Amino acid sequence: MIHRLTFIAANTFREAVRDRVLYNLVAFALLLVGAALLVGKISIGLERIVLINLGLSAITVFGVVLSIFIGIGLVSKEIDKRTLYTVLARPVRRWEFLLGKYLGLTATLIVNTFFMCVGLFAALLSVTRSLSQTDLPILIAVYFILLEFLIITAVAILFSSFSTPIFSAVFSFAMFVVGSFSDDLRGFAGMSEGIQRQIAYALTYAVPNFAAMNVASQVAHGVRLPLALILHNTLYAIFYSGMALSAAVLIFERRNLK
Amino acid sequence: MTEARSVRSTAAILLLLCATGSIVSLRAIDRLRPQATLEEVLYLRSPKAVKRLFLGFTGLAASIYWTKTVQYFGSKHHEHAMRFDLLPPLLDLTTSLDPHLLVAYETGSIFLAQRPPEGAGKPDLAADFVERGIRNNPTDWRLYYQLGFIHYIERNDYAAAANAFDRGSTVPGAHPWLKIMAAMMAQRGGDLQTSRFLWTNIYESSEDRTIKENALVRLMALRVDEEVSSLEQLVAGFKMKTGKAPTSWQEIISAGMLRGLPLDPSRKPYVLNNGRVLLDDYRRFPFVRKGLPPGTASSEFIMPGALRPKDARAVQPKH
């Protein structure tokens, strides 16, 4: 089983790396990180803050775009090209196929994020001339961004397990937006009464919570993040991704592929 | 059990376990970030930047910012905070994004005007904020009403309040009480001439019997205020002329400065007490600001026993 999963994941990674769109996106992200240098110059005394905020935002946005656009194509492309039948004709189970694809894409995203992170630190080094301990929380912010990618990729695979690529992209992006505003949704729930309150609270648990993972502004100001937050965000990302993937497996297992 | 069923059962169990796990961990995250929704830093303060960020969906952006404003104020209020630093920029952003969001002007100005910890304690800013709302929504009389109340309650500027109510009363569809409020404010501010004009206008334009009668009571109170002022001037003139304060009206009449006993609208003579001019029974005269015993506040209500306009000497508006 592990062998099969690794094989599918490695293939997915290879396929994603070969995709030209991916290079374009990484180039754009690095360009944006570079642009942060210029924006930082325009502002007074905010170079470092602007650079970190803009850099982390660029990593998030482009990573999410990658997660969604590659994630939604993982299943549908295999069906369209009819390569899925070849894979499933071998001793590969459907859930192994899905999980392998997920792991492959996750690996791709980790590698991309690593390069973008290197770009960000290079830009930071050119602005501040040296890196210090206060820059370490940036790595935590990047780690949280990776956790977001884990969730959004799982969500994209869930939608692609039953919907068309376009709708999967729209749904996944909508989930990202709603998840980013989850604090506002919680605030709305707190102000509501009766059934509306219960529905709003239920929604806050149903949609992914990305607000707690967006710590760009805190790390830009050198705020130390509690260890408990890192732990709970990690657990949350694992559980939420697990939930989305389990639902995807349930749907994909029942899906008629003929 | 077939293999497919076994996979489905495992996936269903995992789904439930992961859902429970995500809820538990999310609750733990919430405990770590109790003020998560209410950060003290407002990064985007430029309405133009926010407009572009929301791709032109300014109505939606305004609604989101208004929700944030209410959340911010609510949480600060709950903490009994004495500072509401983000309130002005949040309101500015909200109304810049949607200049016609009346609720933001109406409620936001209350948030701004009230004294801490009930509000930000910035009545001048609140008045400016509503003025901006009026500029953007000149046909909405409620904003004038709101502005008048801010001037009246929070700024104690009766002339400005009268002006706001009066401007609002000219807006088509405005509530008739705006005229009344304008007149009341003018009266309170000591601008008797404007007040008389406005009350006369109310008396003549209203078809409501109660409003008409109330206008007459107000006119009666104005007349008392004017008469007491004139009599006080007379007493001061007598003192200047003779070098001593008069002890009775008779002395002034004998000096040829007054033709007869000065009567209040209930046809009872005004009382001269240690050089002060007082009403014989001030409780019969609601709304009067003069002729009251020292330390007595004016009654703002028509209490039982008050003099009715029909029992008073002529108070009908003169033309």
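As a starting point, this report considers the structure included with it. Being a predicted model, the structure only gives us computed values, none of them experimental.

Moving on, we come to the overall build of chain A. When helices and strands are tallied, chain A shows 11 helices and zero strands. In chain A, the order of α-helices and β-strands from amino to carboxyl end is α-α-α-α-α-α-α-α-α-α-α. Going through the 258 residues of chain A one by one, you find that 43% of them count as buried. Partitioning the intrachain contacts of chain A with sequence separation of at least 6 by distance along the chain shows that 82% fall at a separation of at least 24.

In this structure, Leu98 and Ile157 of chain A are the most contacted members of the largest nonpolar core, which totals 74 residues. Of all the elements in the fold, those that place two or more residues in this core are helix 1 (2–18), helix 3 (47–80), helix 5 (94–128), helix 6 (137–160), helix 7 (165–180), helix 10 (216–220) and helix 11 (227–254) of chain A together with helix 1 (3–32) of chain B. With 16 residues, helix 6 of chain A is the single largest residue contributor to this core. When neighbours within four sequence positions are excluded, Ile157 of chain A is seen to be in contact with Gly71, Leu74, Val75, Leu98, Lys101, Tyr102, Leu245 and Ala248 of chain A. Membership of the second largest hydrophobic core comes to 71 residues, among which are Ile134, Phe149, Ala162 and Met184 of chain B.

Bringing the packing of helix 7 (residues 141–154) of chain B against helix 8 (residues 158–169) of chain B into the picture now. Residues and elements named next belong to chain B. Remark: helix 7 packs on helix 8, axes separated minimally by 8 Å, with the N-to-C direction vectors making an angle of 170°. Relative to helix 8, helix 7 is oriented roughly antiparallel. The segment helix 7 lies against helix 8, with Trp141, Tyr144, Tyr145, Leu147, Gly148, His151 and Tyr152 engaging Tyr158, Ala160, Ala161, Ala164, Phe165, Arg167 and Gly168. Its residues assigned to classes, the contact of helix 7 with helix 8 comprises 10 nonpolar, three polar and one charged.

If you look at the interface, chain A gives 28 residues, while chain B gives 25 residues. Among the secondary structure elements, those contributing two or more residues to the side of chain A that touches chain B are helix 8 (182–191) and helix 11 of chain A. Of all the elements, helix 11 of chain A adds the most residues to the side of chain A that touches chain B, at 15 residues. Among the residues forming the side of chain A that touches chain B, the class breakdown is 16 nonpolar, seven polar and five charged.

What counts as what
- Residues numbered from 1 in each chain as written.
- Chains lettered and ligands numbered in written order.
- Predicted model: local features only at pLDDT ≥ 70, side-chain atom pairs only at ≥ 80, totals over all residues.
- Helix = DSSP H or I, 4+ residues; strand = E, 2+ residues; numbered from the N terminus.
- Buried ≥ 20, exposed ≤ 12 C-beta atoms within 10 Å, placed from the backbone.
- Contact = placed C-beta atoms within 7 Å.
- Core = buried A, V, L, I, M, F, W, Y, C linked by C-beta atoms within 7 Å.
- Axes fitted to C-alpha atoms, helices over the stretch in contact; angles between N-to-C directions.
- Parallel < 35°, antiparallel > 145°, perpendicular 65-115°, else oblique.
- Nonpolar A, V, L, I, M, F, W, Y, C, P; charged D, E, K, R; others polar.

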